[in-house]
Amino acid sequence: MSRRIISILAVSSTLFLALMLGAALNIPLVSGSSTIYIKADGSVDPTTAPILNVGNIYYTLTDNIYDSIVVERNNIILDGAGYTLQAIENGTGINLTGRSNVTIKNMEIRSFDYGIDLSSACNNTVSENNITENNLYAIRLFQSSNNNTVSGNNITQNGDYSILLYGSSSNNSIYGNYITGNYAGIGVFESSNNNTISENKIDNNSQYGLVLFKSSNNTI
């Protein structure tokens, strides 16, 4: 048998043993283990991230990601395609600071401090996601995040408010979400006015279902 064939067999055996050991110890094969950026020019950084970019408009996960995504581009759709975005070191799952007309859908987001953070973000849509086991908020709308829609999400087992509207975050629509098993359901605080909260199922949260504080003209 030639040395080349022996070398190939040795490498193959080592790889097989590594895979079997990982499976036996329940160690996940990590895809995308550094912060991923969807840049303002539409590019994805790093280029090896498991996200398919279609025309700098439609972005689809092609595997699970074990870190955060920072969106720096407006007018896009980020489709999880059923894959999971999971924290290694807490932080924020998807950062939408300053964004507009971004849709986040069909993704499982888990084990961060903040699942999805909208700060000074307007006209965005968060829909049909499973957001679970985050240390603080599943979805935070903060610092005048206005005219956003949060709908059809399953939000479970988060450590603080499932959906928090804070700091003059107004004219948002929160509807059709299933919110259960969290510390609290929905919180509307500090001059967050004229929001519509409807058709949500909120149950079995340990402290509060819905809290309104220093806010007015909200429709429940």
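Scroll up to find the structure this text is about.
Right, let's walk through the structure included here. (Residues numbered from 1 in each chain as written. Predicted model: local features only at pLDDT ≥ 70, side-chain atom pairs only at ≥ 80, totals over all residues. Heavy atoms only, no water.)

The element strand E17 (residues 161-166) is largely enclosed, with a buried count of five among its six residues. The pairing of strand E14 (residues 137-142) with E17 spans four bridges and is classified as parallel. Among the inter-strand pairings, Leu141 is bridged to a residue of E17, identified as Leu165. Pairing of E17 with strand E20 (residues 184-189), which is carried by four bridges, proceeds in the parallel orientation. In the strand pairing of E20, Ile163 is matched with Ile186. (Buried < 20%, exposed > 50% of the residue type's maximum accessible area, 1.4 Å probe, protein only. Helix = DSSP H or I, 4+ residues; strand = E, 2+ residues; numbered from the N terminus. Pairing = 2+ DSSP bridges.)

The geometry of an aromatic ring pair is captured by two quantities: the separation of the ring centres and the angle between the planes. Counted by the stated rule, this structure contains five aromatic pairs. Ring geometry for Phe142 against Tyr166: centres 5.5 Å apart, planes inclined by 20°, an arrangement best described as stacked. One end of the pair, Phe142, is in strand E14; the other, Tyr166, is in strand E17, with 24 residues separating them in the sequence. With relative accessibility at 19%, the residue Phe142 sits in the buried group. Note on Tyr166: relative accessible area 32%, which makes it partly exposed. Geometrically, the ring pair formed by Phe189 and Phe213 is tilted, given 6.1 Å between the ring centres and 55° between the ring planes. Of this pair, Phe189 sits in strand E20 while Phe213 is found in strand E23 (residues 208-213), placing the two residues 24 residues apart along the sequence. Accessibility expressed as a relative area gives 40% for Phe213, which makes it partly exposed. Taken together through their ring pairs, the aromatic side chains of Tyr161, Phe189 and Phe213 make up a single cluster. Geometry around Tyr37 places Lys39 over its ring, the cationic atom sitting 5.3 Å from the centre. (Phe/Tyr/Trp six-rings, centres within 6.5 Å; stacked < 30°, edge-to-face > 60°. Lys NZ or Arg CZ within 6 Å of the ring centre and 35° of its normal.)

The next subject is the environment of Leu61. Within the secondary structure layout, Leu61 lies in strand E4 (residues 58-61). Judged by relative accessible area, which is 2%, Leu61 ranks as buried. Considering only alpha carbons, one finds Leu61 and Asp79, 18 residues apart in sequence, at a separation of 6.5 Å. Every residue in contact with Leu61, bar those within four places of it in the chain, is listed here: Pro50, Ile51, Leu78, Asp79, Gly80, Ala81, Tyr83 and Met107. (Contact = heavy atoms within 4.5 Å.)

What follows covers the side chain of Asn177. Inspection of the secondary structure assignment puts Asn177 in the loop between strand E18 (173-175) and strand E19 (178-180). Here Gly152 takes part through its backbone nitrogen, which lies 3.3 Å from a polar atom of the side chain of Asn177. Among the polar contacts listed, one links the side chain of Asn177 to the backbone nitrogen of Asn153, at a separation of 3.0 Å. (Polar contact = N/O pair within 3.5 Å; in protein donor to acceptor, adjacent residues only side chain to side chain.)

Next up on the list: the nonpolar core. Formed by 38 residues in total, the largest nonpolar core has its most connected members in Ile69, Leu78, Ile94, Ile116, Ile139 and Ile163. Ranked by the residues each element gives to this core, the list is headed by E14, at three residues. Residues in contact with Ile139, not counting those within four places in the same chain, are Ile116, Leu118, Val126, Ile131, Val150, Asn153, Ile155, Ser162, Ile163 and Leu164. Core analysis: the second largest hydrophobic core is formed by six residues, Tyr137, Tyr161, Ala184 and Phe189 among them. (Core = buried A, V, L, I, M, F, W, Y, C linked by side-chain atoms within 4.5 Å.)

This part takes up the side chain of Asn195. Residue placement: Asn195 occurs in the loop between E20 and strand E21 (196-198). Within the structure, the side chain of Asn195 is placed 3.3 Å from the backbone nitrogen of Asn171, a separation counted as a polar contact. In this structure the side chain of Asn195 is engaged in a polar contact, spanning 3.4 Å, whose partner is the backbone oxygen of Ser192. Leaving out residues up to four positions away in the same chain, Asn195 has contacts with Leu165, Ser169, Ser170, Asn171, Asn172, Val188, Asn217, Asn218 and Thr219.

The subject of this paragraph is the pattern of salt bridges. All chains considered together, the criterion is met by four salt bridges. With a shortest N-O distance of 2.3 Å, Arg110 and Glu108 are connected by a salt bridge. Classification of Glu108 as partly exposed rests on a relative accessible area of 21%. With a closest N to O distance of 2.9 Å, Glu133 and Arg110 form a salt bridge. Highlighted residues: Glu133 in the loop between strand E13 (130-132) and E14 and Arg110 in strand E10 (residues 108-110), separated in sequence by 23 residues. The exposure class assigned to Arg110 is buried, which follows from its relative accessible area of 19%. (Salt bridge = Lys/Arg side-chain N within 4 Å of Asp/Glu carboxyl O.)

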